[in-house]
Amino acid sequence: MPLFKSLSQTANVAERTKRILYTLQKSLDVHIKPYNKPLTRRGHAQLTKPPDQGLFLVTGGAGFVGSHLVDALMNQGTEVKVLDNLSNGSLGNIQKWLHHKHFQFIEGDLLNKKDVAESAKNCSVICHLAANPEVKLSSVAPDVHFEQNIIATYNLLEVARQSNAAESLVFTSSSTVYGDAEEIPTPETAPLEPISVYGASKLASEALISAYAHTYGFKARTYRLANVIGARSKHGIIYDFIHKLKENPHELEILGDGTQAKSYIHIDDCVKAMLIGQKAAEKAVEVFNLGSEDWVDVKTIATAVAEEMGLRNVVFHFTGGVDGGRGWKGDVKYMLLSTTKLKALGWKPKLNSTQAVRAAARSTINELG
Ligand code: NAD
């Protein structure tokens with residue numbers, strides 16, 4: 001029996017998610033907007049027939065990574081539909097395309113199969129980015145990641161299967177599928193042992209996508225993303241630090257012991273890699289790690305952000321964290337991906353982790369004013 005039979009059930013889930021997120025926002029400083037609107041659809045243009053090079057659907061296209069992918073696709077002349085419930089994305093992110101004749105925005109929810117079916121109509125390429133991306137949420141509200149990431153992906157795959165139009169699917173997975181990897185830099189072939197429900201939800205989605213691609217005959221491209229940063233991001237360490245420092249420019253609370261070290265990739269490098277991987281790969285299912293070639297620790301990020309904000313002598317307070325200095329239960333302490341596979345296709349990131357952190361900090365500082 002389907003889990004979500006009707007609009008009212010979906011609305012209940014949305015309402016529950018909203019309540020959970022509200023509580024978390026208060027207790028965890030999670031900057032994420034709850035989805036609290038009735039389900040509506042809004043088309044800004046009518047795309048009636050698939051163009052020659054294929055019509056693209058971008059789920060989560062009003063979000064951070066999604067809106068940059070939309071920019072790149074529109075700039076290369078692709079026709080694009082976006083499905084987004086605006087729970088964490090915004091129309092502002094895709095404002096410049098809203099009245100373009102090759103663009104359509106549908107405000108809808110992946111938990112509502114009718115919205116999904118309407119969005120996927122005639123689309124030959126589906127880029128599935130919509131998800132709840134907040135890893136921190138996993139330890140206190142695992143059902144959010146189960147619903148928003150696994151059930152949502154399943155709904156999309158079912159619609160893709162039934163519509164028969166989809167030729168390929170692009171999916172944004174995460175480095176968190178590896179958990180505490182023993183091999184660093186971690187290759188795509190490393191053991192998959194997530195330590196957060198978020199990571200598990202991405203791995204489960206990858207597995208569903210692989211099975212549907214093989215069974216129903218479309219290509220799948222999965223990108224296991226490191227931390228993606230840059231303009232329009234509304235979550236993650238840089239956004240959090242800037243928010244906190246704007247409230248108190250003298251002191252900064254840092255989750256964990258500050259030695260957590262991870263790879264950060266600038267959004268421009270990320271989107272370029274996604275376009276290259278989508279075109280170049282040949283097998284039915286391809287998985288690519290996507291990150292920069294080095295890592296940077298949390299204390300260095302805090303220092304860089306404070307400097308970019310023009311602040312001096314900020315006092316850092318480390319919470320100490322859990323399980324040996326992690327920011328929260330399920331936080332991977334050290335993450336650096338091997339990107340040999342993507343680089344073999346001709347891709348190379350322009351910015352390293354520290355350069356990406358500084359560029360992202362400057363963008364966010366400008367955006368927040
Ligand atoms: P984001 O929150 O900015 O974008 C996600 C978008 O999906 C938002 O616009 C949101 O409104 C929409 N959305 C969420 N649930 C939906 C639903 N049920 N129906 C319709 N729309 C829905 O996050 P992001 O950082 O842009 O992440 C994009 C993707 O990349 C996500 O799948 C995320 O898990 C993955 N990812 C991101 C990072 C990162 O560092 N940003 C790292 C690894 C993986």
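Calculation notes
- Chains are numbered independently. Their residues run from 1 in the order of the written sequence.
- With the structure being a predicted model, the display of local features is reserved for residues of pLDDT at least 70 and the display and counting of side-chain atom pairs for 80 or more, all residues being used for whole-chain, interface and lining totals.
- Numbering of helices and strands runs from the N terminus, with a helix taken as a DSSP run of H or I at least four residues long and a strand as a DSSP run of E at least two residues long.
- With C-beta atoms placed from the backbone, a residue is buried if 20 or more other C-beta atoms are within 10 Å of its own, exposed if 12 or fewer are, and partly exposed between those counts.
- One less than the number of residues in a helix, times 1.5 Å, gives the span that helix is expected to have.
- The contact criterion used is a C-beta to C-beta distance within 7 Å, with each C-beta placed from the backbone.
- Buried Ala, Val, Leu, Ile, Met, Phe, Trp, Tyr and Cys residues whose C-beta atoms connect them within 7 Å together make up a nonpolar core.
- All domain edges in this entry derive from an automatic or database-based domain assignment.
- At least two bridges found by DSSP between two strands are what make those strands a pair.
- Axis geometry follows a simple rule: fit a line to the C-alpha atoms, using only the stretch in contact for helices, then measure angles between N-to-C directions, giving values from 0 to 180 degrees.

Participant: Let's hear about the environment of D71: which residues, and what values?
Facilitator: Within the secondary structure, D71 is located in helix α2 (residues 64-75). A count of 20 C-beta atoms within 10 Å places D71 in the buried class. When the C-alpha positions of D71 and G61 are compared, they lie 9.6 Å apart, and in sequence the two are 10 residues distant.

Participant: Describe α2, listing the residues and the values that go with them.
Facilitator: In this model, α2 (12 residues) spans 17 Å end to end at C-alpha, consistent with the 16 Å of a helix rising 1.5 Å per residue. Burial runs high along α2: 9 of the 12 residues are buried. Buried residues in α2 make contact with β1 (55-59), β2 (79-84), β4 (125-128), β5 (168-174), β7 (227-229) and α7 (267-280). Just past α2, the residue G77 takes up positive phi, approximately 90°.

Participant: I'd like a rundown of the nonpolar core, residues and numbers included.
Facilitator: Grouped together as the largest cluster of nonpolar side chains are 84 residues, with contacts concentrated most on I126, L169 and I238. Here this core gathers at least three residues from each of two domains, domain 1 (7-229 + 264-290) and domain 2 (237-263 + 294-335 + 353-368). Once residues within four sequence positions are removed from consideration, I126 is found in contact with L57, A120, L156, A160, A166 and L169. In this structure, V135, V177, Y198 and A200 belong to the second largest nonpolar core, which totals 8 residues.

Participant: Residue-level account of the sheet that holds β1, with values.
Facilitator: Strand pairing in a sheet takes place through backbone hydrogen bonds and is either antiparallel or parallel in direction. The strand order across the open sheet formed by 7 strands is β3-β2-β1-β4-β5-β6-β11, and the pairing between neighbours is parallel. Two strands lie at the open edges of the sheet, namely β3 (103-107) and β11 (285-290), each paired on one side alone. Each neighbouring strand pair of the sheet contributes to a mean axis angle of 15°, computed without reference to strand direction. In this structure, β5 lies alongside strand β6 (residues 219-225), joined through 7 bridges in parallel fashion. Each bridged residue has a counterpart across the sheet, and for S168 the counterpart in β6 is K219.

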